[in-house]
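Listed here are the chains, written in short residue letters.
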Amino acid sequence: MELIIISGRSGSGKSVALRALEDAGYYCVDNIPLPLIPTLTYYLTQENRSAVISLDIRNLPNTPNAIEELLTQLEPLNAKLIFLDCERNTLIRRYSDSRRIHPLSTQDDLSLEGALDLEQKLLEPLVQNANYIIDTSHLSSHELAENLRQILQGSTEKELKIIFQSFGFKYGLPAIPITFLMFAFYRTHIGIRSFANDRLRATGD
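Residues numbered from 1 in each chain as written. Predicted model: local features only at pLDDT ≥ 70, side-chain atom pairs only at ≥ 80, totals over all residues. Heavy atoms only, no water.

Undergrad: How would you explain the layout of surface pockets if you had to name every residue and give the values?
TA: The volume enclosed by the largest pocket comes to roughly 570 Å³. Lining the largest pocket are 19 residues; nearest its centre among them are Ser10, Gly11, Ser15, Tyr95 and Arg100. Those elements giving two or more residues to the lining of the largest pocket turn out to be α1 (14–23) and α4 (88–98). Per-element accounting of the lining of the largest pocket gives the leading share, 5 residues, to α4. Per-class residue counts for the lining of the largest pocket are 4 nonpolar, 7 polar and 8 charged. (1 Å grid on protein atoms, 1.4 Å probe; cavity = no way out; pocket = protein on both sides within 12 Å on 5 of 7 lines; lining within 4 Å. Points joined across faces, edges and corners; volume = space filled by probe spheres on them. Helix = DSSP H or I, 4+ residues; strand = E, 2+ residues; numbered from the N terminus. Nonpolar A, V, L, I, M, F, W, Y, C, P; charged D, E, K, R; others polar.)

Undergrad: Before we move on, could you go through the pattern of salt bridges and cite the residues and values that matter?
TA: As enumerated under the stated definition, the model contains 6 salt bridges in all. We note a salt bridge from arginine 93 to aspartate 97, for which the minimum N-O separation is 3.8 Å. In this pair, arginine 93 and aspartate 97 both sit in helix α4, 4 residues apart, roughly one turn of the helix. Overall, arginine 93 belongs to the partly exposed group, its relative accessible area being 45%. Three or more residues are tied together by salt bridges with common partners; here these are Asp30, Asp56 and Arg58. (Salt bridge = Lys/Arg side-chain N within 4 Å of Asp/Glu carboxyl O. Buried < 20%, exposed > 50% of the residue type's maximum accessible area, 1.4 Å probe, protein only.)

Undergrad: If you had to explain the packing of α1 against helix α8 (residues 141–153) to someone new, which residues and values would you point to?
TA: Relative orientation of the contacting elements α1 and α8 amounts to 55°, with a least axis distance of 9 Å. Classified by the angle their axes make, α1 and α8 are oblique. For the crossing formed where α1 meets α8, the hand is right-handed. Residues Val16, Ala17, Ala20 and Leu21 of α1 form the contact with α8, whose participating residues are Ser141, Leu144, Ala145, Leu148 and Leu152. In terms of residue class, the contact of α1 with α8 is built from 8 nonpolar, 1 polar and no charged. (Axes fitted to C-alpha atoms, helices over the stretch in contact; angles between N-to-C directions. Parallel < 35°, antiparallel > 145°, perpendicular 65-115°, else oblique. Left-handed = near helix turned anticlockwise from the far one by under 90°. Contact = heavy atoms within 4.5 Å.)

Laid out in structure tokens, this is it:
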């Protein structure tokens, strides 16, 4: 089993990262309450499934000690913590473009700038324990996905998947009455001939 924890600042691209890792075959869980993570990891261990858990400001505990305790519990699983960072001005521009509200703005009635500053402070314990830090300030969604594949799979290329689809008639080829085919032929033939005759008459006049 492989366990990946994706964290980062709001607007840094965690949703893009989760979609990319889900396409790579990981079981992705977003915004799960912190106390449920040990139970989830136990289940995934029994099923031997590789998983990605998103941990951000929405499900962050009130005390930094809780983060340390969680990471200590996950040490036997060799969990990798990937933190997505981003420049402050870029985050402000992204929020302005998307017209979304920062999670801390709804909880503490803060301005966007104040919410970003508070979030950076609250996420500091995760930054200190991160195995990898990716700055997404100047990355497109495709470039972010390539960075993640490089870290986790050692290659930026996607796996080629070919899907073959076939169909068949359960009870053999359908039987079409010959009279239907003849009617369709004569109807088309007569229609074309009538159209041609009409054109000839119009030209002759």
